[in-house]
Amino acid sequence: MTLQQKFADKSAVVGIVGLGYVGLPLVLAYANAGFRAVGFDIDTQKKESLLAGESYIKHIPSAQVAAALAAGKLDATTDFSRIAEADAIILCVPTPLDQHFEPDLSYVTDTLDSVVPHMRAGQVLSLESTTYPGTTDEEVLPRVAAAGFRVGESVFVVYSPEREDPGNPQFSATNIPKVVGGTTPACLDAGVALYGAAFDQVVPVSSTRVAELTKLLENIFRAVNIGLVNELKVVADAMDIDIWEVIRAASTKPFGFTPFYPGPGLGGHCIPIDPFYLTWKAREFGVHARFIELAGEVNRAMPQYVVHRAMESLNTRGKAVKGSRILVLGLAYKANVDDMRESPTFELMDRFRDLGAEVDFHDPYIPVVGPTREHMAWAGRASVAWTPEILSSYDCVVISTNHGSFDLPTLAAHADLIIDTRNAMARVPTKPGQVVKA
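Predicted, not measured: the structure shown is a model, and the values here were computed from it.

How each quantity is defined
Residues numbered from 1 in each chain as written. Predicted model: local features only at pLDDT ≥ 70, side-chain atom pairs only at ≥ 80, totals over all residues. Heavy atoms only, no water. Pairing = 2+ DSSP bridges. Helix = DSSP H or I, 4+ residues; strand = E, 2+ residues; numbered from the N terminus. Axes fitted to C-alpha atoms, helices over the stretch in contact; angles between N-to-C directions. Patch = residues over 30% accessible without salt bridge, like charges linked within 9 Å, V, L, I, M, F, W, Y side chains within 5 Å. Areas by Shrake-Rupley, 256 points an atom, 1.4 Å probe, with all protein chains shown as cover. Salt bridge = Lys/Arg side-chain N within 4 Å of Asp/Glu carboxyl O. Buried < 20%, exposed > 50% of the residue type's maximum accessible area, 1.4 Å probe, protein only. Phe/Tyr/Trp six-rings, centres within 6.5 Å; stacked < 30°, edge-to-face > 60°. Lys NZ or Arg CZ within 6 Å of the ring centre and 35° of its normal.

So, the sheet that holds strand S7 (residues 178–182)
For step 1, the next point in the chain: Sheet architecture is open: 8 strands sit in the order S3-S2-S1-S4-S5-S6-S7-S8, paired in mixed fashion. Two strands close off the open sheet at either side, each with one partner strand: strand S3 (74–77) and strand S8 (202–205). Sheet twist, expressed as the average angle between the axes of neighbouring strands with direction ignored, equals 25 degrees.
For step 2, the next point in the chain: The pairing of strand S1 (residues 13–17) with strand S4 (residues 88–91) spans 4 bridges and is parallel.

So, a nonpolar patch on the surface
For step 1, the next point in the chain: There is a patch of nonpolar side chains on the surface, built from Val235, Met239, Ile241 and Val246 and spanning about 330 Å² of accessible area.
For step 2, the next point in the chain: The residue valine 246 is located in helix H9 (residues 243–250) in this model.

Quick word on unusual backbone geometry
For step 1, the next point in the chain: Phi is positive for lysine 10, which is not a glycine, with a value near 65 degrees.
For step 2, the next point in the chain: Residue placement: lysine 10 occurs in the loop between helix H1 (3–8) and S1.
For step 3, the next point in the chain: Although it is not a glycine, asparagine 336 sits at a positive phi angle of roughly 70 degrees.
For step 4, the next point in the chain: By secondary structure assignment, the location of asparagine 336 is in the loop between strand S9 (325–329) and helix H13 (344–354).
For step 5, the next point in the chain: Overall, the relative accessible area of 32% leaves asparagine 336 in the partly exposed class.

Description of the packing of aromatic side chains
For step 1, the next point in the chain: Taken as a whole, this structure holds 10 aromatic pairs when the rule is applied.
For step 2, the next point in the chain: An angle of 70 degrees between the planes, with centres 5.8 Å apart, marks the rings of tyrosine 30 and phenylalanine 35 as edge-to-face. Residues tyrosine 30 and phenylalanine 35 agree in their burial class; the two are buried.
For step 3, the next point in the chain: Grouping aromatic residues by their ring pairs yields a cluster made of Phe7, Tyr30 and Phe35.
For step 4, the next point in the chain: Lysine 178 extends its terminal NZ or CZ atom over the ring of phenylalanine 199, reaching a point 5.6 Å from the ring centre.
For step 5, the next point in the chain: Positioned above the aromatic ring of tyrosine 394 is the side chain of arginine 325, whose terminal nitrogen or guanidinium carbon lies 4.3 Å from the ring centre.

Shown next as structure tokens:
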């Protein structure tokens, strides 16, 4: 039986390697589509949670996990020798930057080194991690070939970028069109069969490099436009113009304008990182991607700008940052999720702490800070409670992420100074000078 037939009659076993914000929705998507889906991860706690029918990601209900488990369609393991059970292997592992803003592919290469020795003929291997054009050709293919497989004949290698938007109820894992590129035409056919079995629409492209650059374009588009509006925010503030009012007015134009919104910096695993994958690779070809790098510089400067606005505002009240009590609202990088990857809130807290402030945070989605690569000093720190007494005890409250659960009228009633990076207080009655936009 061919791979295409196995996907068509749902007899194929789909293995997902990496059970984070991308991998968990994907393994559930295949389980819900009627496939036996096996999740692989080195984290024993994730395996145990799934086998107990529990979700460890807040916006994914445990009921979904329990239903897939009860139907006999979901399994989870830390045993990579079970890779041989799968007809399809999909890699969903992180691709961060190192301290020099250069790609760190160690998660991809280490995962490949754990997976490839257990592969067998007749499998399709898909990389979903966001990366620079050429990664599949330069990192995946040599390892597969070294194991004795003939790509396009005995195994099939594709690249299909993830397009998850955690916490967005409009889009699930399966109703976002799925771009896929194959190493050979036979590989592409296998990739289309794999993703067509669970996704509403598959978009085939001519190569893995096209698919890799497609994802970078999507995220660079956002990063550059966010950088533009962040720079305009600084200009507008200097001119005593409300940039949020400007954006609302410009958004009434029915063509030629797409609204983007300023903030305290970029967060999440994609937008702050992905542009640098392309700028790094472009240098190999003698190309300096200046526009992209400039947007990155602007966005990385936003936390310092917010801190500067807070310092100015405290000064008008006769207070120094040193010794002030500062509460930062929202540790997650975006509203209504528990994802704190690359959150600019950490940068804000670091800067306030380094200036001598006493810093706390409140986030209903993140009760305790877990381990992070760059901000280990905050690991174990607990979110403070939300009470009128606690809110009123701070010299300054900074809204970094505007979760929908925040009781903003209560905040306005009890906070002396609010630094608003998200225009959260726009429709809340406040006292003159109480809210400073930043």
